[in-house]
Every structure is written in structure tokens, then in C-alpha cells.
Amino acid sequence: LGLLKPAAQQKVTALLARMEARGTPFKVMETLRTRARQAELFAQGRTKPGAIVTHLDGSPGHESRHQSGNAADLVLDVSRWNGGGPAPTGGYDQGVTGGRVVRPNVLAAWHALGREAQALGLRWLGGPSGGALAPVTGLAFDAPHVEVPG
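Nothing here was measured: the structure is a model prediction, and the numbers come from that model.

What counts as what
Residues numbered from 1 in each chain as written. Predicted model: local features only at pLDDT ≥ 70, side-chain atom pairs only at ≥ 80, totals over all residues. Heavy atoms only, no water. Helix = DSSP H or I, 4+ residues; strand = E, 2+ residues; numbered from the N terminus. Buried < 20%, exposed > 50% of the residue type's maximum accessible area, 1.4 Å probe, protein only. Contact = heavy atoms within 4.5 Å. Areas by Shrake-Rupley, 256 points an atom, 1.4 Å probe, with all protein chains shown as cover. Pairing = 2+ DSSP bridges. Axes fitted to C-alpha atoms, helices over the stretch in contact; angles between N-to-C directions. Expected span 1.5 Å × (residues − 1). Salt bridge = Lys/Arg side-chain N within 4 Å of Asp/Glu carboxyl O. Phe/Tyr/Trp six-rings, centres within 6.5 Å; stacked < 30°, edge-to-face > 60°. Lys NZ or Arg CZ within 6 Å of the ring centre and 35° of its normal.

Enquirer: I would appreciate a short explanation of the overall build of the chain in the present structure.
Expert: A count of helices and strands for the chain gives 3 helices and 6 strands. Start at the N end of the chain and walk to the C end: the helices and strands fall as α-β-α-β-β-β-α-β-β. Burial analysis of the chain (150 residues in total) assigns 42% to the buried set. Relative to all contacts within the chain whose residues are 6 or more apart in sequence, the contacts with residues 24 or more apart total 58%. Just so you have it, the chain exposes about 7400 Å², and 58% of that area is on carbon and sulfur atoms.

Okay, structure coming up:
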């Protein structure tokens, strides 16, 4: 969190506290990125193995809000899960995979994250502002991403 700009740090800290109070704690996976890191993530699923995780390559005019310290990627803190069912396991999306809901309680946690983020004035890329919504989950491409609009 310390690498975020002050406004982003304040809002993301408040978001984490709200989610903790709900019994669905999230933690920060990534904040500030260099242009090289953004390009590396952009290559994933295109010229490198793995799934596509970003649509921005980090070049001028195609920068992520991560590059300016105004965005964070969050994941469920499965070590402290109290989300009304078994804790999610697995990778980046933690229970929401390929447009299928692995666990309804996990899907509810992601949607709660989006509502709380928006209430704090953050843009959540898991909702309609993040692009097309998956038909089953109702989540967009980049559900872990929250940012200060700008």
C-alpha cells in the first residue's frame, strides 16, 4: 500500500477495512507497476504462456493506473476467510474461473467488494465499467482491480 499515491492509499485502506468488517477480508496483490512490468503482464496470453490479464501494454497512451500509483489488485485473503462456506483456493481469480462460479459465497464477496469500492469513490473493473460482464458471474474481466478515477 505504501507505493500508492495518498488518495489511492487512503481509499484502498478503507476498502480493505470495510471488507474485513464484512467477514470477507481481501489483501493487496499488486499496486505500483513499472512500464516493464505492465508490458510483461500484457505479453501474458499473447506472446507468453498464460491467460490474458490486461488490455494495456504500458506504452504512452496505453498506461495502466497502476503505473501512476493509482490502482491496486486485490485478492481474497483465504487464510482469514469467514465467507459463509469453504474458503476459496487457487490462483488469481480465486473461485471465479472461465465465467463459471466455483462457489456462490465467493461470487458474493467479489460483488460486495465492488459495491464498497464504488461507495468509496473507487472505480472497480469487475463491474460494468470494466467491460463486458460474464453471463454467469456478472463480473467483468478484471474483478481484482480497483483504481482512483482520473
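Enquirer: What should I look at first to understand the side chain of Thr31 in this one?
Expert: Secondary-structure assignment places Thr31 in the loop between strand E1 (26–30) and helix H2 (35–43). What makes Thr31 buried here is its relative accessible area of 8%.

Enquirer: Got a minute to help me understand the sheet that holds strand E6 (residues 145–147) in this structure?
Expert: What holds strands together in a sheet is hydrogen bonding between their backbones, with the strands either parallel or antiparallel. One open sheet accounts for 4 strands, arranged E1-E2-E6-E5; its pairing is antiparallel. Edge positions in the open sheet fall to E1 and strand E5 (123–124), since each of these has one partner strand only. Relative to the sheet, helix H1 (residues 6–21) contacts E1, strand E2 (71–76) and E6, its axis offset from that of E1 by approximately 145°.

Enquirer: For this particular structure, what's the right way to read the pairing of E2?
Expert: Two faces make up the sheet, and in a regular strand the side chains alternate between them. With 6 of 6 residues buried, E2 is to be regarded as a mostly interior element. Residues Ala71, Asp73 and Val75 point to one face of E2 and Ala72, Leu74 and Leu76 to the other, with burial holding for every one of them. Pairing between E2 and E6: 3 bridges, direction antiparallel. From the neighbouring strand, Asp73 faces E6, where its bridge partner is His145.

Enquirer: Just checking my understanding: could you explain H1 for this structure?
Expert: Here H1 contains 16 residues, and its C-alpha end-to-end distance of 23 Å stays within 8% of the 22 Å for a straight helix at 1.5 Å per residue. Backbone geometry just downstream of H1 places Gly23 in the positive-phi region, at approximately 85°.

Enquirer: Is there a simple way to explain the pattern of salt bridges in this structure?
Expert: Two side chains that carry opposite charge are able to pair once their charged atoms sit near each other. Counted according to the given criterion, the structure contains 7 salt bridges. Glu30 serves as the salt-bridge partner of Arg33, at 3.3 Å between the closest nitrogen and oxygen. By relative accessible area, Glu30 is classed as buried at 15%.

Enquirer: What exactly am I supposed to notice about the environment of Ala140 here?
Expert: By secondary structure assignment, the location of Ala140 is in the loop between E5 and E6. Separated by 14 residues in the primary sequence, Ala140 and Gly126 have C-alpha atoms spaced 4.4 Å apart.

Enquirer: Looking at this model, I keep getting lost on the packing of aromatic side chains. Mind explaining?
Expert: Each aromatic ring pair is summarised here by two numbers: the centre-to-centre distance and the angle between the ring planes. Within this structure, the stated rule accounts for 1 aromatic pair. Where Phe26 meets Trp110, the ring centres are 5.0 Å apart and the plane angle is 80°; that geometry is what we call edge-to-face. One end of the pair, Phe26, is in strand E1; the other, Trp110, is in helix H3 (residues 104–119), with 84 residues separating them in the sequence. An identical accessibility class is assigned to Phe26 and Trp110; each is buried. Over the aromatic face of Phe42 sits the side chain of Arg46, whose NZ or CZ is 3.8 Å from the ring centroid.

Such coordinate-based values are descriptive only and should not be taken to indicate function.
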